[in-house]
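# Descriptive analysis of the structure
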Amino acid sequence: MNKKLNEILKDTAAVLITSPHNMRYFSGFSGGEGAVLFAFDKRFVFTDSRYIEQAENETTDFLLTETNDYLGSACKILSENCCQKVLIEDNEISARDYNRISKALGNSEIVFGSEKINTLRMVKTDEEIEKIREAEEIGSKAFEHILDFIKPDVCEKDIALEIEYFMKKNGADGISFETIAISGKRTSLPHGTPSDKKIQKGDFVTMDFGCTFDGYCSDMTRTVVVGKPSDEQKKIYNAVKTAQQIGLDTIRQGIRGCDADKAAREYIEKCGFGRYFRHSLGHGVGLLVHELPNLSPKSEIVLEENMVVSCEPGIYIPDFGGVRIEDLVIVKKNRCENLTCATKELIEL
Ligand SMILES: [Mn+2]
């Protein structure tokens, strides 16, 4: 991971990392609280007494400092060595901390480096891919499990809880984001929160969930129907299902994020539901559940082999309901490899 930083370090004297995911990625330290500094051909980890033993175990070739003032200690090293230029994670730092850094490093240039740093995590190693694969497999099994659990009178919160319990019982370290389990008209909320609403016959049930395995995230969504679907429900479901397949057929090395989005979006527009698909087609997944590259109308990022992205079109009609179908895939040279095993036929429960 550190090799990737060398390019950046060529034209900047130092990189100061403060986000949990990038500390983990570039140093191995997964405690989440501290700072990691690359400067003057040295590497430093700053963390406090709660995490120092963990940092010792998880890192190699880093100089460890036990301190409650991570930023202050990092800035001290930078200013003592008259650092000219330092890259910081502008997306992750508070205004208060930015002020502290500016004051401490009065004579240095401070560069906003989040995009540059996060870009380095886009292409995954084989090891990272195996962790994501494992996490997504646990998710797919949870989906199969939950099908027996969903029935009239069970409430949304119970479905979410059961999915999470199953994933943790089956090897997950935790959940990668708050589980979405919504039903009936509430499925028109793309990111609705599970409520006490009970499942009724005729409801769509949308479940969007994921877990972490050794730090890496999974993400998948399925929509099922309880009882027989109406013609309108079938129509919406099939439009999303076909659009999702078009997205999958488009994702490969060399296309831009916006190209994949466009391919799926055009189909939904053709079906007359364009204005009800109000988010982007997908996003990168790794240590974070939402990371680069985006598959959005604005994303010019060219996909490369071994990026991991979601493909998740949806149609959401207020006061009626909605459908989303999401798989997680690895970008390959001429295609993508799907990591999500669960069926996409409309399941009637
Ligand atoms: Mn997603």
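See above for the structure.
Scope of this entry: the structure provided in the associated data block. (Residues numbered from 1 in each chain as written. Predicted model: local features only at pLDDT ≥ 70, side-chain atom pairs only at ≥ 80, totals over all residues. Heavy atoms only, no water.)

### Digging into the overall build of the protein chain
Quick note on the threshold: Counting from the N terminus, the helices are the DSSP runs of H or I reaching at least four residues and the strands are the DSSP runs of E reaching at least two. Each radius of gyration reported is based on C-alpha atoms, and the globular scaling rule is 2.2 Å times the count of residues to the power 0.38. Only protein chains enter the accessibility calculation, which uses a 1.4 Å probe; a residue is then buried when its area is under 20% of its type maximum, exposed when over 50%, and partly exposed in between. Residue contacts are counted whenever heavy atoms from the two residues lie within 4.5 Å of one another. Using a 1.4 Å probe, the Shrake-Rupley method yields the accessible areas, and only the shown protein chains count as cover for residues.
The secondary structure content of the protein chain amounts to 10 helices and 19 strands. Whereas a compact globule of 349 residues would reach a radius of gyration of roughly 20 Å, the protein chain reaches 22 Å, a difference of no more than 12%. Considered along the principal axes of its C-alpha atoms, the protein chain spans approximately 70 × 40 × 35 Å. A buried classification covers 55% of the 349 residues belonging to the protein chain. Considering only contacts in the protein chain between residues 6 or more positions apart, those separated by 24 or more positions represent 65%. Here the protein chain displays about 15900 Å² of accessible surface, and carbon together with sulfur accounts for 47% of that area.

### Details of the state of the cysteines
What counts here: Disulfide: a pair of cysteine sulfur atoms within 2.5 Å of each other.
On inspection of all chains with the given rule, the structure shows 0 disulfides. Of all cysteine sulfurs in the structure, the one in cysteine 82 sits closest to cysteine 83, which takes part in no disulfide; the separation is 9.2 Å. Accessibility expressed as a relative area gives 4% for cysteine 83, which makes it buried.

### Digging into the environment of cysteine 258
On the secondary structure map, cysteine 258 appears in helix H10 (residues 257-270). Taking C-alpha positions, cysteine 258 is 8.2 Å from asparagine 294, a pair spaced 36 residues apart along the chain. Dropping the residues within four chain positions of it, cysteine 258 is found in contact with Ser296, Pro297 and Ser299.

### Section: the nonpolar core
Stated formally: Among buried residues, the Ala, Val, Leu, Ile, Met, Phe, Trp, Tyr and Cys ones that are joined through side-chain atoms within 4.5 Å form a nonpolar core.
The biggest cluster of nonpolar side chains holds 30 residues, and the ones touching the most others in it are Ile251, Phe273, Leu281, Leu295, Leu303, Ile315 and Val323. When contributions to this core are tallied by element, the ones reaching two or more residues are helix H9 (231-250), H10, strand S15 (308-311), strand S16 (314-317) and strand S18 (327-331). No other element matches the 6 residues that H9 contributes to this core. Sequence-distant contacts of isoleucine 315, defined by excluding residues within four places in its chain, comprise Ile236, Ala239, Val240, Ile268, Phe273, Tyr276, Gly321, Gly322 and Val323. Grouped together as the second largest cluster of nonpolar side chains are 29 residues, Phe26, Val45, Val285 and Val289 included.

### Considerations on the packing of aromatic side chains
The line we're drawing: The pairing test for Phe, Tyr and Trp rings, Trp by its six-membered ring, is centres within 6.5 Å, and the orientation test on the planes gives stacked under 30 degrees, edge-to-face over 60, and tilted for anything in between.
A complete count under the given rule lists 5 aromatic pairs for this structure. Between the aromatic rings of tyrosine 25 and phenylalanine 26, the centroid separation amounts to 4.8 Å while the plane-to-plane angle is 80 degrees, which identifies the pairing as edge-to-face. Note on accessibility: tyrosine 25 and phenylalanine 26 belong to one class, buried. For the pair phenylalanine 29 and tyrosine 51, a centre-to-centre distance of 6.2 Å together with 75 degrees between the ring planes defines the contact as edge-to-face. Of this pair, phenylalanine 29 sits in the loop between helix H2 (20-27) and strand S2 (35-39) while tyrosine 51 sits in the loop between strand S3 (42-47) and helix H3 (52-58); the two residues are 22 residues apart in sequence, bridging distant segments of the chain. You'll find phenylalanine 29 and tyrosine 51 in the same group, each marked buried.

### What to know about the sheet that holds strand S11 (residues 216-217)
Note the following rule: Strands were regarded as paired on the criterion that DSSP finds at least two bridges between them.
Strand order in the open sheet formed by 3 strands is S7-S10-S11, and the pairing between neighbours is antiparallel. Every other strand in the sheet has two partners, leaving strand S7 (174-175) and S11 as the edge strands with one partner each.

### Remarks on the packing of helix H7 (residues 126-147) against helix H8 (residues 156-169)
We apply this condition: To obtain each axis, a line is fitted to C-alpha atoms, and for helices this fit is confined to the stretch in contact; angles are then taken between N-to-C directions over 0 to 180 degrees. The cut-offs work like this: below 35 degrees is roughly parallel, past 145 is roughly antiparallel, 65 to 115 is roughly perpendicular, and the gaps in between are oblique. For any pair of crossing helices, the crossing counts as left-handed if the nearer helix is rotated counterclockwise from the farther one by less than a right angle, and right-handed if it is rotated clockwise. Residue classes follow a fixed rule: Ala, Val, Leu, Ile, Met, Phe, Trp, Tyr, Cys and Pro count as nonpolar, while Asp, Glu, Lys and Arg count as charged, and any other residue, Gly among them, counts as polar.
Two elements in contact, H7 and H8, have axes separated by 9 Å at closest approach and are oriented at 135 degrees. Classified by the angle their axes make, H7 and H8 are oblique. Here H7 and H8 pass one another in a crossing that is right-handed. Taking contact as the criterion, the partners of Ile138, Gly139, Lys141, Ala142, His145 and Ile146 in H7 are, on H8, Ile159, Glu162, Ile163, Phe166 and Met167. Residues of the contact of H7 with H8, tallied by class, amount to 7 nonpolar, 2 polar and 2 charged.

### Here we look at the side chain of lysine 124
As a reminder of what qualifies: As used in this structure description, the phrase polar contact means that two N or O atoms lie within 3.5 Å; if the pair is within protein, one of them must be able to donate a hydrogen and the other to accept it, and residues adjacent in sequence are counted only when both atoms belong to side chains.
Relative to the helices and strands, lysine 124 resides in the loop between helix H6 (114-119) and H7. Only 2.5 Å separates the side chain of lysine 124 from the side chain of glutamate 291, close enough to count as a polar contact. Once you skip the residues sitting within four places of it in the chain, lysine 124 turns out to touch Ile129, Ile132, Val285, Gly286, Glu291, Asn306 and Val308.

### Brief notes about the environment of methionine 122
Mapping methionine 122 onto the fold places it in the loop between H6 and H7. Considered as a pair, methionine 122 and alanine 243 are 121 residues apart in the sequence and their alpha carbons are 25 Å apart. In this structure methionine 122 touches Leu292, Pro293, Ile301, Asn306, Met307 and Val308, once residues within four positions along its chain are discounted.

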